[in-house]
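One-letter residues, chain by chain:
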Amino acid sequence: MSSKALRLGTRRSRLALAQSGQVADAVSQVTGRPVELVEITTYGDTSREQLAQIGGTGVFVTALREALLKGEIDFAVHSLKDLPTGQPDELTLVAVPEREDPRDVMVARDALKFTDLPRGARIGTGSPRRMAQLNAYALGHGLDIRTVPIRGNVDTRIGFVRDGELDAVVLAAAGLTRIGRIDEVTDFLSVDTVLPAPGQGALAIECAADNADLIVTLGELDDPFTRVAVTAERSLLAALEAGCSAPVGALADLPPRSAPLERGDTQADGQIVKEMRLRGVVGTTDGTRMVQLSTTGPVPESYDQAMTLGRELAAEMLAQGAAGLMGERAL
């Protein structure tokens, strides 16, 4: 086996470097080869515009994919929620490692919970999806909040709270966990309150489609349990024809890996059938109009079945008027 270092392409942010470093360590353990991080600046890293304005789909991904196609790197690591649902023929999504906590979290002043924020509280987020659901929850529960669009890395966003500019910011639990700052969270937002972005908490490892040896090697990092869930979520996103900055949330709930028989499990021919629930939501950013539906069925035995589940739920959402609620999306 070659001892030449493998080149892993990554964005330059602290979070990207942290999660890419974790993948690099795992690849080194599998291959016995060193892994070199190649830092690449993407358009999404340099632009200060809101993602919905610049077109969120692919803005953190395109430069990494171009480096792969040019042979400047051997593989790339992305946050799966940033990855467009369309896959170039020349590249393959070779592995989706085990998912981190997919929930959104709040970092608020005075260690406040979401429901304890004062009237008129200003909550920062760069996500139309989060804005839509936070505002919808507030309207339904008599809360008086203001969602404020922000950009920047974790330090910048939490700094808005520390400096008193905002009362709270909403971030992904997975990102804070990966950079060792999960202890700063003041509230973990239930998925019944805010559904995460499709694929949130998961990483995507991508390489050239013709690199058979690397595909086999990196494939050892794939977690089928995570892969089937995010496949259903991303299939729903694709069927809605929405980009990653659209106000769309989705989550596939799978049973624990070694779960005993529980109420709600079904039986077929004497065999226990575990079920997966897929939930989706689309809403206007002011929270006044929402389409939120779910579907439940046996855990898909193939990725094709997972994709079908996502498409079927998307069709139901479109029939309920979801397309008309995505005016803020950037495609």
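Since this is a predicted model, take the numbers as computed values, not measurements.

Despite not being glycine, aspartate 110 has its phi angle at roughly 55 degrees, a positive value. Mapping aspartate 110 onto the fold places it in the loop between β5 (104–108) and β6 (121–125). Residue class for aspartate 110 comes out exposed when judged on its relative accessible area of 61%. Of note, the phi angle at alanine 111 is positive, near 60 degrees, even though the residue is not glycine. As for its placement among the helices and strands, alanine 111 is situated in the loop between β5 and β6. With a relative accessible area of 56%, alanine 111 lands in the exposed category.

A word on the pattern of salt bridges. It is possible for side chains of opposite charge to pair when their charged atoms get near one another. If you walk through the whole model with that rule in mind, you get 20 salt bridges. With its nearest N and O atoms 2.7 Å apart, the salt bridge here joins aspartate 104 to arginine 130. In this pair, aspartate 104 sits in strand β5 while arginine 130 sits in helix α5 (residues 128–141), placing the two residues 26 residues apart along the sequence. Each member of the pair aspartate 104 and arginine 130 is classed as buried. Between glutamate 184 and arginine 162 there is a salt bridge, with its nearest N and O atoms 3.1 Å apart. Of this pair, glutamate 184 sits in the loop between α7 (173–178) and β9 (187–188) while arginine 162 is found in helix α6 (residues 154–162), placing the two residues 22 residues apart along the sequence. Each member of the salt-bridge network shares a partner with another, and the members are Arg14, Asp155, Arg162, Arg181 and Glu184.

It is worth spelling out helix α9 (residues 224–239) at this point. Residues separated by three or four positions in an α-helix point in the same direction, a consequence of the helix having 3.6 residues per turn. Under the 1.5 Å per step criterion, the end-to-end length of α9 is 22 Å for 16 residues, consistent within 8% with the ideal 22 Å. Counting buried residues in α9 gives 12 out of 16 residues, a clear majority hidden from the surface. For α9, the full list of buried residues reads Thr226, Arg227, Val228, Ala229, Val230, Thr231, Ala232, Glu233, Arg234, Ser235, Leu236 and Leu237. Along its buried surface, α9 packs onto β4 (91–95), β11 (248–253), β14 (275–283) and α10 (303–319). Of the residues one or two after α9, glutamate 241 is the one with positive phi, at around 55 degrees.

Analysis parameters
Residues numbered from 1 in each chain as written. Predicted model: local features only at pLDDT ≥ 70, side-chain atom pairs only at ≥ 80, totals over all residues. Heavy atoms only, no water. Helix = DSSP H or I, 4+ residues; strand = E, 2+ residues; numbered from the N terminus. Buried < 20%, exposed > 50% of the residue type's maximum accessible area, 1.4 Å probe, protein only. Salt bridge = Lys/Arg side-chain N within 4 Å of Asp/Glu carboxyl O. Expected span 1.5 Å × (residues − 1). Contact = heavy atoms within 4.5 Å.

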